[in-house]
Amino acid sequence: MIINGNSFLPQMERGVAKVIGGDPKGNNFLYTNGKCVIIRNIENPAIADIYTEHAHQVTVAKYAPSGFYIASGDASGKIRIWDTTQKEHLLKYEYQPISGKVKDIAWTEDSKRLAVVGDGREKYGAVFLWDTGSSVGEVSGHCKLINSVDIKQTRPYRLATASDDTVVSFFEGPPFKFKFTIRNHSQFVNCVRFSPNGNHFVTAGADGQIFIFDGKSGEHVGSLGEEKAHKGGIYAVSWSPDSSQLISASGDKTVKLWDVGAGTAVTTFNMGSDVLDQQLGCLWQKDHLLSISLSGNINYLDKNNPDRPIRTVKGHSKSIQCLTVHKHDGRSYIYSGSHDGHINILSVINNIKSPNLEPRLTLTLTSHYWDAETGENDCFSGKGHSNLVSKMVPNEADELVTCSMDDTLLRFSIASDVVKMDFQPRSVSVASGGLSLAVCIGQIVLLKDKKKVFTLDNLDYEAEVGVIHPGGTTAAVGGKDGTIRLYSIQGNTLKDESKTIKVSGQIMDMAYSNDGAHLAVIDEKKVATAFSVADDYSVKNEFYGHHAKPVTLAWSPDNEHFATGGMDMMVYVWTVADADKRIKIPDTHRLHHVSGLAWIDENTLVTSSHDASVKQWTIIY
């Protein structure tokens with residue numbers, strides 16, 4: 001089972017509608033981010049799955065009415081139809097119906113025909129048989145890219161498309177043939193949707209209008225609202241299961257619930273005042289009303305309290321760069337830092353049993369605090385980073401110490417403290433007594449109690465990563481030249497002891513074991529090395545297995561094992577005393593390299609990746 005605390009959020013773009021697909025059984029919903037399709041349980045959005053087989057950015061995904069397959073389209077115009085019943089999500093068919101970005105997909109109710117629209121050179125859409133790719137009509141009538149398509153789910157079939165050329169085209173079929181053009185809108189038409197019973201379809205546009213049409217004849221029968229449905233552009237609409245109501249999502253930062261028969265708004269959901277509160281997508285699934293904000297947040301709307309969502313699912317929408325775990329009051333918290341500077345925290349409920357090397361949970365974390373069992377969240381206070389978070393470590397004061405490409409170190413507790421660095425920090429390490437070590441470009445900085453106390457400048461090597469021994473007496477700094485230099489910490493100073501350790505290549509990461517007995521190092525030559533501290537840093541063992549450069553490592557709490565993750569998408573768990581005894585986790589994050597590792601306990605490993613997800617694994621030795 002995959003449990004997802006963010007599954008990472010939808011990838012959003014201002015002024016561009018986001019299509020959310022719904023499971024015909026009403027259990028799941030799905031959306032896209034990067035090259036991934038994310039499927040989430042609608043009752044508990046912490047339960048999720050990720051499909052990662054597209055080679056290009058995925059733009060839309062829709063369930064077949066049968067529920068057995070999903071069709072997903074990408075920026076290259078490719079459509080992949082894949083199985084939903086098996087965890088491997090085996091590919092059934094693959095087609096290239098258009099030459100540009102796919103904007104929307106629609107199925108016929110028998111799951112046998114598929115309509116695809118978007119951008120292209122020769123044409124903006126196609127309709128074809130799902131199992132052969134043979135054409136069952138022609139999508140025509142537009143001179144610009146098509147934003148939306150839908151097919152009437154009752155016979156006789158009808159098809160409608162909405163385009164940037166401000167018109168809607170209406171088709172009869174199959175085979176689907178163009179019948180006429182609808183020119184009610186004055187600006188881009190962003191969405192077209194048939195009611196579940198097929199009696200009507202609606203169109204919504206950038207002009208703030210929603211028009212209603214007869215589902216069979218295409219005749220205009222009315223509109224929603226008085227002068228306009230919304231004050232801003234409308235990006236999405238979704239019908240209620242009984243076809244009597246619908247919701248609409250707008251750039252005016254509201255979602256409206258409409259009585260279609262009366263043409264009036266029953267409820268207006270005010271989503272905020274910030275530009276990131278613009279609403280770009282929506283879905284009505286069983287009793288759940290969902291909307292997606294420009295921020296990527298997924299809002300569960302409450303009809304009884306329109307100014308406060310029942311739940312807001314938050315999280316990363318950019319790749320995760322680093323990861324750590326901290327225990328407080330008997331509970332484990334996973335912290336993750338992303339490419340856009342966000343630092344997120346997740347509370348882990350350790351009550352899930354699963355087999356060896358299966359992910360226990362995939363947690364793409366909420367943008368603040370997330371409880372994986374209840375779904376409740378809260379936020380960090382204080383200002384965060386404005387650029388990529390490169391390293392984070394917890395200290396004994398229950399603070400999270402982080403460094404970023406914005407040239408700052410932060411300490412997060414109830415509030416955050418900022419330490420401005422002279423140069424961009426690459427790595428940070430902490431030890432008892434309030435000590436921190438920051439390795440910056442061209443500089444090493446020792447900090448104590450949130451203040452810089454000592455600086456090493458004019459280095460004759462390029463420092464990459466630094467760690468402090470748990471005893472607080474030694475700092476090890478690894479360089480691009482494949483050399484580790486040891487410094488003694490004497491009061492508030494660093495003293496070069498002229499002691500060096502050589503490894504095979506540029507040092508990618510290193511860490512002392514929790515008991516301080518060993519130092520583990522990984523280098524660009526794909527070698528992991530464990531050094532014995534008590535034996536004057538002699539080599540305890542060398543470990544081989546990665547096919548590409550390893551980039552992160554973490555010690556198990558038992559001090560007998562450590563894990564490494566790399567560009568080869570693999571994670572290895574090594575046994576310090578026996579180089580031949582190892583556990584291999586292949587395709588940890590399929591098609592994405594591992595960016596962070598942390599241990600919750602000696603049998604539970606957490607991994608993060610550039611797919612913006614965090615997975616938890618049970619390790620059985």
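For the structure, check the block above.
In this report, we go over the structure that sits alongside the text. Since we're looking at a predicted model, the values are computed, not measured.

1. Considerations on unusual backbone geometry
Now for step 1: Arginine 155 connects to proline 156 through a cis peptide bond whose omega is 0°.
Now for step 2: With respect to the helices and strands, proline 156 occurs in the loop between β12 (146-151) and β13 (158-163).
Now for step 3: In this chain, proline 174 is followed by proline 175 through a cis amide linkage whose omega measures -10°.
Now for step 4: Structurally, proline 175 can be placed in the loop between β14 (168-172) and β15 (177-182).
Now for step 5: With a phi angle near 55°, serine 498 is a residue other than glycine that sits in the positive phi range.
Now for step 6: Inspection of the secondary structure assignment puts serine 498 in strand β45 (residues 493-502).

2. Focus: the sheet that holds β13
Working definition: the strands of a sheet are paired by backbone hydrogen bonds and lie parallel or antiparallel to each other.
Now for step 1: Pairing in this open sheet of four strands is antiparallel, and the strands run β12-β13-β14-β15 from one edge to the other. Lying at the two open borders of the sheet, with one neighbouring strand each, are β12 and β15. Geometrically, the sheet is characterised by an average inter-axis angle of 20° between neighbouring strands, direction not taken into account.
Now for step 2: Sheet topology places β12 next to β13; five bridges connect them, and they run antiparallel. The residue of β13 that forms the bridge with isoleucine 146 is serine 163.

3. Concerning the packing of aromatic side chains
Now for step 1: Per the stated rule, a full pass over the model turns up 16 aromatic pairs.
Now for step 2: Ring geometry for tryptophan 107 and tryptophan 130: centres 6.4 Å apart, planes at 55°, overall tilted. A residue pair is termed long-range when its members are at least 10 positions apart, and tryptophan 107 in strand β9 (residues 102-107) and tryptophan 130 in the loop between β11 (125-129) and β12 qualify at 23 residues.
Now for step 3: Seen from the ring of tyrosine 300, arginine 311 lies directly overhead, with NZ or CZ sitting 5.4 Å from the centre.
Now for step 4: In this structure, arginine 485 is placed above the aromatic ring of tyrosine 461, and the distance from its NZ or CZ to the ring centre is 3.7 Å.

4. Thoughts on the side chain of arginine 158
Now for step 1: Among the secondary structure elements, arginine 158 is positioned in strand β13.
Now for step 2: According to the relative accessible area criterion, arginine 158 is buried, its value standing at 8%.
Now for step 3: At 2.7 Å, the side chain of arginine 158 and the backbone oxygen of lysine 216 are in polar contact.
Now for step 4: Setting aside residues up to four positions removed in sequence, arginine 158 forms contacts with Asp150, Ile151, Lys152, Phe170, Phe171, Glu172, Phe176, Phe194, Gly215 and Lys216.

5. Considering the sheet that holds strand β52 (residues 571-575)
Now for step 1: One open sheet holds the four strands; their spatial order is β50-β51-β52-β53, and the pairing between them is antiparallel. The sheet is open, and its two borders are formed by β50 (550-555) and β53 (578-585), each paired with just one other strand. Ignoring strand direction, the axes of neighbouring strands in this sheet form an average angle of 25°.
Now for step 2: Pairing geometry for strand β51 (residues 561-566) and β52, over five bridges, is antiparallel. Bridging from a neighbouring strand, threonine 564 pairs with tyrosine 572 of β52.

6. Focus: the environment of phenylalanine 454
Now for step 1: Within the secondary structure layout, phenylalanine 454 lies in strand β41 (residues 451-456).
Now for step 2: Overall, phenylalanine 454 belongs to the partly exposed group, its relative accessible area being 23%.
Now for step 3: Among all residues touching phenylalanine 454, those that are not within four sequence positions of it are Ile444, Val445, Leu446, Asn492, Thr493 and Leu494.

What counts and how
- Residues numbered from 1 in each chain as written.
- Predicted model: local features only at pLDDT ≥ 70, side-chain atom pairs only at ≥ 80, totals over all residues.
- Heavy atoms only, no water.
- Helix = DSSP H or I, 4+ residues; strand = E, 2+ residues; numbered from the N terminus.
- Pairing = 2+ DSSP bridges.
- Axes fitted to C-alpha atoms, helices over the stretch in contact; angles between N-to-C directions.
- Phe/Tyr/Trp six-rings, centres within 6.5 Å; stacked < 30°, edge-to-face > 60°.
- Lys NZ or Arg CZ within 6 Å of the ring centre and 35° of its normal.
- Buried < 20%, exposed > 50% of the residue type's maximum accessible area, 1.4 Å probe, protein only.
- Polar contact = N/O pair within 3.5 Å; in protein donor to acceptor, adjacent residues only side chain to side chain.
- Contact = heavy atoms within 4.5 Å.

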